[in-house]
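# Understanding the architecture of this molecule
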Amino acid sequence: MIEQVKGTRNLYGLDAQKYLYIYDIFLSSFNSYGYDLIELPTIEHKELFNKSIGENSEIVTKQMYEFKDKGNRDLVLRPEATASVVRFHNEFFKNESKKYSYFGKMFRYENPQKNRYREFIQAGAEIVGTIDKYSDLQILKTSIRFLSLLKVNSKLNINTIGTKEEREGYIRELDKYFFKNKNELSKESVEKIGKNTLRILDSNDPFDNQITDLAPVIYDFLSNETLDQYETFKKELMNEGIDFAENPKLVRGLDYYNDLTFEFIANGTVVGGGGRYDGLSEILGLGKISGVGVAFGVDRLINTVNSTPHKIKVMLIAQNLSDLNFVSTKLDKAGISYLLPVRDSKENTQYKEAIKNNVDYVINCSENTIKNINNNESMKFNISNLRKLI
RNA sequence: GUGAUCGUAGCUCAGUUUGGUUAGAGCGCCUGGUUGUGGUCCAGGAGGUCGCGGGUUCAAAUCCCGUCGGUCACCCCA
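Residue numbering note: each chain is counted from 1, following its sequence as written. Following the order in which they are written, the chains are lettered starting with A and the ligands numbered starting with 1. Reporting of local features is limited, given that this is a predicted model, to residues whose pLDDT is at least 70; pairs of side-chain atoms are given and counted only at 80 or more, and all residues count toward the totals for whole chains, interfaces and linings. Note: side-chain values were computed over all heavy atoms of the structure, leaving out hydrogens and water.

Only a single heavy atom is needed: when it lies within 4 Å of a molecule or strand, its residue is near that molecule or strand. For RNA strand B, the set of nearby residues contains 41 residues, the closest of which are Met1, Asn111, Arg116, Lys192 and Arg199. Whenever two N or O atoms come within 3.5 Å, that pair is a polar contact, provided that in protein one can donate a hydrogen and the other can accept it, and provided that, for residues adjacent in sequence, both atoms are side-chain atoms. In this structure, Glu367 approaches RNA strand B through a side-chain N or O atom, which is 2.7 Å from a base nitrogen. Only runs of H or I of at least four residues qualify as helices and only runs of E of at least two qualify as strands under DSSP, and these elements are numbered from the N terminus. Elements represented by at least two residues in the surface near RNA strand B include exactly strand E6 (119-129), helix H7 (187-192), strand E10 (269-276) and helix H14 (347-356). The greatest single-element share of the surface near RNA strand B, amounting to five residues, is contributed by H14. Residues are sorted three ways: Asp, Glu, Lys and Arg are charged, Ala, Val, Leu, Ile, Met, Phe, Trp, Tyr, Cys and Pro are nonpolar, and all the rest, Gly among them, are polar. The residue makeup of the surface near RNA strand B, split by class, is 11 nonpolar, 13 polar and 17 charged.

Attention now goes to the pattern of salt bridges. When a carboxyl oxygen of Asp or Glu is within 4 Å of a side-chain nitrogen of Lys or Arg, the pair counts as a salt bridge. Applying the stated criterion across every chain yields a total of 19 salt bridges. We note a salt bridge from Glu240 to Lys141, for which the minimum N-O separation is 2.9 Å. With Glu240 in the loop between helix H10 (224-239) and strand E8 (245-246) and Lys141 in helix H5 (residues 133-149), this residue pair connects regions lying 99 residues apart in the sequence. Accessible area is worked out with a 1.4 Å probe on protein chains only. A residue is then buried under 20% of its type maximum, exposed over 50%, and partly exposed in between. Here Glu240 falls in the partly exposed class, since its relative accessible area comes to 39%. Among the salt bridges present, the one from Lys249 reaches Asp213, with a minimum N-O distance of 2.8 Å. Here Lys249, found in the loop between E8 and strand E9 (258-266), pairs with Asp213, found in helix H9 (residues 206-213); they are 36 residues apart in sequence, far enough to count as distant. Given the relative accessible area of 53%, Asp213 is considered exposed. Through salt bridges with shared partners, a single network forms among Lys133, Asp136, Arg276 and Asp278.

Okay, unusual backbone geometry next. For Lys151, which is not a glycine, the phi torsion comes out positive at approximately 60°. Relative to the helices and strands, Lys151 is located in the loop between H5 and strand E7 (155-160). With a phi close to 65°, Asn376 is a non-glycine residue in the positive phi region. Position of Asn376 among the secondary structure elements: in the loop between strand E14 (369-372) and strand E15 (378-380). Residue class for Asn376 comes out partly exposed when judged on its relative accessible area of 48%.

For the rest of this paragraph, the subject is helix H4 (residues 82-92). Within H4 the residues assigned to the buried category are Thr82, Ala83, Ser84, Val85, Val86, His89 and Asn90. At its buried positions, H4 is contacted by strand E2 (43-45), helix H2 (46-53), strand E5 (98-107), E6 and helix H11 (280-283). Contacts were defined at the residue level, with two residues in contact if any of their heavy atoms lie within 4.5 Å.

Glancing now at the packing of H5 against H10. Only the stretch in contact is used when a helix axis is fitted, and all axes are lines through C-alpha atoms; the angle between N-to-C directions ranges over 0 to 180 degrees. Where H5 contacts H10, the two axes come as close as 11 Å, and the packing angle between them is 40°. If you check the angle between H5 and H10, you find them oblique. By crossing handedness, the relation of H5 to H10 is classed as right-handed. Residues Lys133, Asp136, Leu137 and Leu140 of H5 form the contact with H10, whose own contacting residues are Gln229, Phe233, Glu236 and Leu237. Of the residues belonging to the contact of H5 with H10, the class tally is four nonpolar, one polar and three charged. Roughly parallel means an angle under 35 degrees; roughly antiparallel, over 145; roughly perpendicular, 65 to 115; everything else is oblique. If you view the pair so one helix is near and one far, a crossing is left-handed when the near helix is turned anticlockwise from the far one by less than a right angle, and right-handed when it is turned clockwise.

Structure, rendered in C-alpha cells:
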C-alpha cells in the first residue's frame, strides 16, 4: 500500500465543507474589503526566507523543504507568505501602498501533531507601503470581523517589541540575565541564549517561567516615542471596543517584526498572528518599505469552526435512464441542484441511496412524483411544486 | 531532531501476552427475494500482500531488528 506523505492532510467530507466555508468568509472579509487576493508561487528562492525569517530561526535551519531544480537554482517550498508578498510588491508597486490577501499551502518540515502539519494552509492579509498605526488597527479590525463571522471565539493578545535597536539593547540585557540564571533553565532554553534569546520568554516549561517572570521587561528598554505610540494604539483599541490582553512575553518566531506583535488564541491554540514589519523590505535589499500583516492557520480554524455542510435536498430516481435524463434536464434549466444514483440500479436500491444521502425529497422520474421522505407525502412532480418545497 | 503509542476486510475492532488447522465479528457493500406506511426482514455472495522489509523457527498477524504511516507530546510554530 502506498501511504500518504507524512504530515499531509486529506480534507474530505465535513472538513472539506469547512475549508470552503472558511475560504468563502475569508474572501468576503478581506478580498471584498480591498485586500486584493494574490495567488503566490509555492516555490521561491531559498534566499528569500534565509534573509527574511532569519538565519538562526528554526524554520530556516531545519524546517524548509529545499531542493535544487534542473537549472541548479536553490529553491524551497515556501514556509510562509509575507516575504513573497513583499517581494511582489517591490517588483511591481514599489512606490505605492497596497493591501493584499492570500490563501494557500505552506510547508514546514517538522513532526506532525494536533493542529500542526507539514503541508498546511495559511490565510493572510498584508498592508504594504507607506503605512501608519491606522493600518495596524485596520488589520486587527478586519481580522476580528473575519473571526467573528466564522463564529470563532478568540482572544487577542498584543505586545510591542520596539525598534530593532531598542530590541537589541533588550536582548543584550536578557542574555546577561539568562546567562546568570542558566543553571535554573531547561537545556533547550540554555541553548537559545545568545542565539534566539527572545524565544526563551515563551517557553512552556514551568521552571523556565519562574525565571522568565522575573526577567527584564521589554518596556524598560523602549524609547518614550515607541511607548507613546503603543499606548496610543492601545487607547484606539479600547475606543473601538476591541477586547485584548497585553502580553509582554509575546515575541513571535520570525525575525522581521518590530513594534506591534499580536496573536489570536482560540481553544488554547494560536489560530492567527502577525505584526508590523518595517524592516523586512530592507533586509531583503529592496529599499525601505513598511508593512503590517496577519496570518491565520486555516487547518487550525478547520479544527475549530462548526459549519453545517451544504445539503442537497433532492434526489432523482427512475427505472430507466431516459426518464432520469428528462427530469434532470428540467432541473438543470431551473437551476435546482440534485443527486443522481451512482448507477442504474433497481428502484429500491436507489431509494435506499436517497435515504443514506439524507435528502428531503425523492423525485421518482418514472412515476412523475415528488415524495417527502420525512413524512412519506407524495405529490405530482413539476418545477413549481418543487420550488415551493425547497 | 526527541519521546510515547498505534497499524489485522471499505469502517470499528477481536485474535498478539503464552508462535501451531483454510485469520474472525459487527456494520457497510453486491445479488436475489420480501416490503409501496419503500429505511424492515430473509437467503446467498464478494472482499484481507495481517503497513512494508529483513531475521529467528519445522512453523510468525503473534517473537526480534529496521523502515513507512497515523495519533499525541517536546522542540518549534500558524
